[in-house]
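Listed below are the residues making up each chain.
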Amino acid sequence: MSIFEYNGSALIAMVGKNCFAIASDRRLGVQLQTIATDFQRIYKVHDRLFLGLSGLATDAQTLYQRLVFRHKLYQLREERDMKPETFASLVSAILYEKRFGPYFCQPVIAGLGDEDKPFICTMDSIGAKELAKDFVVAGTASESLYGACEAMFKPDMEAEELFETVSQALLSSVDRDCLSGWGGHVYVVTPTEVRERILKGRMD
């Protein structure tokens with residue numbers, strides 16, 4: 001088993017019309033043994049920028065703490081919040097400088113940039129960015145997430161339809177992966193509000 005699969009995870013970010021959704025499962029396991037069913041994988045950087053971290057849970061928490069530190073320094077120096085594109089470059093640089101002993105994480109970054117344009121991106125454990133205009137996925141359930149998202153995605157969805165699409169894609173995908181699941185956690189972000197919802201899923 002790969003170290004990336006040790007705790008299990010499923011992450012997805014999808015763009016809509018001037019909005020985006022980011023969702024994760026809630027299971028924390030040690031291989032096939034479930035440890036917690038309310039684990040947080042999505043972190044709020046600021047009101048318009050969210051970060052999801054799949055992979056090894058300990059490394060994810062360490063990396064998040066480093067990123068919060070760097071973002072606060074940026075806010076003090078620049079007196080503004082970081083743009084999603086800038087934050088993606090920061091995450092990439094932090095991962096790449098540890099490339100010989102990497103953080104075993106696959107980050108998913110989602111945010112609203114200038115003129116409320118949604119930005120989503122994922123990268124591997126050494127910071128190689130993959131930008132997308134529709135959706136990005138990460139974690140042990142990523143293969144089934146790709147299939148569900150390809151089938152369900154359509155451009156320019158409104159916030160409520162986007163929530164339904166992301167939720168259905170997540171719940172149907174984690175049923176096909178025994179290392180992730182136990183419900184879901186969805187954020188839908190528009191220029192005016194952030195909606196957070198907890199999904200109930202199969203508990204096995």
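Whatever comes next refers back to the structure up there.
Before going into details, it helps to say that this report is about the structure given with it. All values reported here derive from a predicted model rather than from experimental measurement.

### Digging into the pattern of salt bridges
Applying the stated criterion to the full structure yields 11 salt bridges. One salt bridge in this structure joins Arg48 and Asp116, with 2.9 Å as the shortest N-O distance. With Arg48 in the loop between strand 5 (42-46) and strand 6 (49-55) and Asp116 in the loop between strand 7 (105-112) and strand 8 (118-123), the pair connects residues that are 68 residues apart, well separated along the chain. In this structure Arg48 comes out as partly exposed when scored by relative accessible area, which is 26%. Connected through salt bridges with shared partners, the residues Glu160, Glu193, Arg195 and Arg197 form a single ionic network.

### Quick word on the sheet that holds strand 9 (residues 129-132)
Pairing in this open sheet of five strands is antiparallel, and the strands run 5-6-7-8-9 from one edge to the other. At either end of the open sheet lies a strand with only one pairing partner, and these are strand 5 and strand 9. Ignoring strand direction, the axes of neighbouring strands in this sheet form an average angle of 20°. In this sheet, strand 6 lies alongside strand 5 in antiparallel orientation, the contact comprising four bridges. By the bridge assignment, Ile42 is partnered in strand 6 with Gly52. Across the sheet, helix 1 (residues 57-78) lies against strand 5, strand 6 and strand 7, angled at about 155° from strand 6, the strand it touches most.

What counts and what doesn't
- Residues numbered from 1 in each chain as written.
- Predicted model: local features only at pLDDT ≥ 70, side-chain atom pairs only at ≥ 80, totals over all residues.
- Heavy atoms only, no water.
- Salt bridge = Lys/Arg side-chain N within 4 Å of Asp/Glu carboxyl O.
- Helix = DSSP H or I, 4+ residues; strand = E, 2+ residues; numbered from the N terminus.
- Buried < 20%, exposed > 50% of the residue type's maximum accessible area, 1.4 Å probe, protein only.
- Pairing = 2+ DSSP bridges.
- Axes fitted to C-alpha atoms, helices over the stretch in contact; angles between N-to-C directions.
- Contact = heavy atoms within 4.5 Å.

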